[in-house]
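# Summary of the model geometry
Chain residues, written in single-letter form:
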Amino acid sequence: MSELYLLLAALLTGMALVGLFRTADLLRRVLALNVLASAVFLLLVALARTAEGIDPLPHAMVLTGIVVAVSTTAAVLALMVQAHERRRHKEGP
């Protein structure tokens, strides 16, 4: 079962890298980075599961990473909204 998770993490990584390098749209790049972060989290959990017993350290790292990813995404999206508003006000009605 862990091999399936490793394969899914590799697939998500490939999809995220293609999305990151093939588009110029900033929102799609942010989404691709979030998919890449999810792939890394899945990889860490799958590797922790394949070790003898269950190692709690990768699980703690994943939880911390999720919090950091959510807060970073919120900050980037807020900056994107502000940049869009400024651009719209400079162009005029």
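## Comments concerning the overall build of the protein
Within the protein, the regular secondary structure consists of three helices and zero strands. Going residue by residue from the N terminus, the α and β elements of the protein occur as α-α-α. Relative to a compact globule of 93 residues, whose C-alpha radius of gyration would be 12 Å, the protein shows 17 Å and is clearly more extended. For the protein, the spread of C-alpha atoms along the principal axes amounts to about 65 × 25 × 15 Å. A buried classification covers 18% of the 93 residues belonging to the protein.

## Details of a nonpolar patch on the surface
Residues Leu8, Leu11 and Met15 make up a contiguous nonpolar surface patch of roughly 290 Å² in combined accessible area. Relative to the helices and strands, Leu11 is located in helix α1 (residues 2-22).

## Some words on the confidence of the model for the protein
Looking at the protein as a whole, the pLDDT averages 89, with 95% of positions reaching at least 70. Averaged over each element, pLDDT in the protein is lowest for helix α2 (residues 26-50) (90) and highest for α1 (93).

## Side note on the environment of Leu63
Here Leu63 lies in helix α3 (residues 56-91). Judged by relative accessible area, Leu63 falls into the exposed class, the value being 58%. Residues Leu63 and Phe41 lie 22 residues apart in sequence; the distance between their C-alpha atoms is 8.7 Å.

## Section: α3
An ideal rise of 1.5 Å per residue puts 52 Å on 36 residues; α3 measures up with 53 Å between its terminal C-alpha atoms. Three or more residues of α3 are buried, namely Pro58, Val62, Gly65, Ala69, Thr73 and Met80.

## Things to note about the side chain of Thr73
Relative to the assigned elements, Thr73 resides in helix α3. Owing to a relative accessible area of 15%, Thr73 belongs among the buried residues under this scheme. In terms of polar contacts, Thr73 uses its side chain to reach the side chain of Asn34, at 2.9 Å. Apart from the residues within four sequence positions on either side, Thr73 is in contact with Val30 and Asn34.

## A few points about α1
Since the α-helix advances by 3.6 residues per turn, residues separated by three or four positions end up pointing in the same direction. Look at α1: 30 Å from first C-alpha to last across 21 residues, which is about the 30 Å you get at 1.5 Å a residue. Among the residues of α1, those classed as buried are Ser2, Ala9, Ala16 and Leu20. The buried residues of α1 occupy one face: seen down the axis, they fall within an arc of 45 degrees. Facing away from the buried side of α1 by more than 90 degrees, the exposed set consists of Glu3, Leu7, Leu11, Met15 and Arg22.

Reading the values: the criteria
Residues numbered from 1 in each chain as written. Predicted model: local features only at pLDDT ≥ 70, side-chain atom pairs only at ≥ 80, totals over all residues. Heavy atoms only, no water. Helix = DSSP H or I, 4+ residues; strand = E, 2+ residues; numbered from the N terminus. Rg over C-alpha atoms; globule rule 2.2 N^0.38 Å. Buried < 20%, exposed > 50% of the residue type's maximum accessible area, 1.4 Å probe, protein only. Patch = residues over 30% accessible without salt bridge, like charges linked within 9 Å, V, L, I, M, F, W, Y side chains within 5 Å. Areas by Shrake-Rupley, 256 points an atom, 1.4 Å probe, with all protein chains shown as cover. Salt bridge = Lys/Arg side-chain N within 4 Å of Asp/Glu carboxyl O. pLDDT = per-residue confidence, 0-100. Expected span 1.5 Å × (residues − 1). Polar contact = N/O pair within 3.5 Å; in protein donor to acceptor, adjacent residues only side chain to side chain. Contact = heavy atoms within 4.5 Å. Arc of directions from axis to C-beta.

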